[in-house]
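# Residue-level structure breakdown
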Amino acid sequence: MTKPQSSSKDSTTARERVRQDERTLRRGLSLGAAFREFIRHPSPWLIGSTLAAALVARIIVGDWQLTDALVPAVMLALFPLFEWIVHVTVLHWRPRQLGPIPIDSELARKHREHHVDPRNIPLIFIPTKTLSVLVVILIALATLAFPRLGLGLTFLLMITLLGFGYEWTHYLIHTDYKPKGSLYRAVWRNHRHHHYKNEHYWFTVTTSGTADRLLGTYPDPATTETSPTARHLHSA
């Protein structure tokens, strides 16, 4: 009888420690403290290790050509549009049934939980299982879908760099780190509007007023109705 009680007490203590850590993280958060918390989670390590491996492989392969500059430039320009499309079509997917089979990805399920509790730190990150599959797919694309291995590795290097930037920016927005620069303040405000004002607008995360403005989801917050379902997607 003693062991189960001890186990229960340890579990309670662990939960209390996590809550205390999160409260500490929220108060007077510095950029350094935010980064130390950031790297405690699996997603930055998985993306970061893939990025490092891609960089080493790209240097070893060599064969630098003009397209190795063109591909990253195009990817950087299109990334806000890619963010918007994924956010709208994948993350905000409305669950469906195909006969007895539910059609609802882990990304969509976790994103709904993220809207319910935007300050829950683990829910901010791309789910580990989904991210692992994505990394395998990206490596396969880099090695098989390009005319040169070097160009494929350039693609892999750039997409993991963009992914790391996305995870860091999204995480930082949901902490209590106070925006200092005007660029980050605009990004911070844009995503906060999406979570706390209206979930039907402001879909980009690493930029503001780019793809949203292009695709008509960048309204004036002052004249936009506050949505009753921003915290509970598809509940209406």
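Residues numbered from 1 in each chain as written. Predicted model: local features only at pLDDT ≥ 70, side-chain atom pairs only at ≥ 80, totals over all residues. Heavy atoms only, no water.

It is worth spelling out the overall build of the chain at this point. Tallying secondary structure elements over the chain gives nine helices and two strands in all. Scanning the chain from its N terminus toward the C terminus, one meets helices and strands in the order α-α-α-α-β-β-α-α-α-α-α. Here the chain holds 236 residues, and 39% of them are scored as buried. Contacts in the chain between residues at least 24 apart in sequence constitute 62% of all its contacts with a sequence separation of at least 6. Surface accessibility of the chain: about 13500 Å² in total, with carbon and sulfur atoms responsible for 66%. (Helix = DSSP H or I, 4+ residues; strand = E, 2+ residues; numbered from the N terminus. Buried < 20%, exposed > 50% of the residue type's maximum accessible area, 1.4 Å probe, protein only. Contact = heavy atoms within 4.5 Å. Areas by Shrake-Rupley, 256 points an atom, 1.4 Å probe, with all protein chains shown as cover.)

Let us now look at a nonpolar patch on the surface. There is a patch of nonpolar side chains on the surface, built from Leu70, Val74, Leu78, Leu81, Ile85, Leu214 and Leu215 and spanning about 620 Å² of accessible area. Among the elements that make up the nonpolar patch, the one with the highest residue count is helix H4 (residues 67-91) (five residues). Within the secondary structure, Leu214 sits in helix H9 (residues 211-214). (Patch = residues over 30% accessible without salt bridge, like charges linked within 9 Å, V, L, I, M, F, W, Y side chains within 5 Å. Salt bridge = Lys/Arg side-chain N within 4 Å of Asp/Glu carboxyl O.)

With that settled, the discussion passes to the environment of Thr226. With respect to the secondary-structure elements, Thr226 resides in the segment after H9. When the C-alpha atoms of Thr226 and Glu199 are compared, they prove to be 9.1 Å apart, with 27 residues separating the residues in sequence. Not counting the four nearest positions on each side in its chain, Thr226 is found in contact with Tyr196 and Lys197. Separated by 3.1 Å, the side chains of Thr226 and Lys197 make a polar contact. (Polar contact = N/O pair within 3.5 Å; in protein donor to acceptor, adjacent residues only side chain to side chain.)

Here the focus is helix H2 (residues 31-38). Ala34, Glu37 and Phe38 are the residues of H2 that are buried. End-on view of H2: buried residues confined to an arc of 105 degrees, all on one side of the axis. (Arc of directions from axis to C-beta.)

Geometry of an aromatic ring pair is reported as the spacing of the ring centres plus the angle between the planes. Under the defined criterion, the tally for this structure stands at 13 aromatic pairs. Ring plane angle 75 degrees and centroid distance 5.1 Å describe the contact between Phe38 and Trp168, whose orientation is recorded as edge-to-face. Residue Phe38 is located in helix H2, and its partner Trp168 is located in helix H7 (residues 149-173); the two are separated by 130 residues in the primary sequence. One exposure class covers both Phe38 and Trp168, and it is buried. By way of ring pairs, the aromatic residues Phe35, Phe38, Phe125, Phe164, Trp168 and Tyr171 are connected into one cluster. Across the ring face of Trp93, the terminal group of Arg96 is positioned such that the distance to the ring centre comes to 4.1 Å. (Phe/Tyr/Trp six-rings, centres within 6.5 Å; stacked < 30°, edge-to-face > 60°. Lys NZ or Arg CZ within 6 Å of the ring centre and 35° of its normal.)

What follows deals with the packing of H2 against H7. In the contact formed by H2 and H7, the axes pass within 11 Å of each other and the chain directions differ by 120 degrees. The angle between H2 and H7 places the two elements in the oblique class. Along this stretch, H2 crosses H7, giving a crossing that reads as right-handed. Counting all contacts with H2, which are made through Leu31, Ala34, Phe35, Glu37 and Phe38, the residues of H7 involved are Phe164, Glu167, Trp168, Tyr171 and Leu172. Counted by class, the contact of H2 with H7 contains eight nonpolar, no polar and two charged residues. (Axes fitted to C-alpha atoms, helices over the stretch in contact; angles between N-to-C directions. Parallel < 35°, antiparallel > 145°, perpendicular 65-115°, else oblique. Left-handed = near helix turned anticlockwise from the far one by under 90°. Nonpolar A, V, L, I, M, F, W, Y, C, P; charged D, E, K, R; others polar.)

Of note, Thr175 is situated in the loop between H7 and helix H8 (182-196). Side-chain polar atoms of Thr175 contact the backbone oxygen of Leu172, separated by 2.8 Å. A distance of 3.2 Å separates a polar atom in the side chain of Thr175 from the backbone nitrogen of Tyr177.

All right, on to the nonpolar core then. Ala34, Met75, Phe125, Trp168, Tyr171 and Leu172 are the most contacted members of the largest nonpolar core, which has 29 residues in total. When residues of this core are traced back to their parent elements, those giving at least two are H2, helix H3 (42-61), H4, H7 and H8. Counting residues per element, this core draws most heavily on H7, which supplies 12 residues. Apart from residues lying up to four places away in sequence, Met75 is in contact with Phe155, Met158, Ile159 and Leu162. (Core = buried A, V, L, I, M, F, W, Y, C linked by side-chain atoms within 4.5 Å.)

Shape descriptors only; they carry no functional weight alone.
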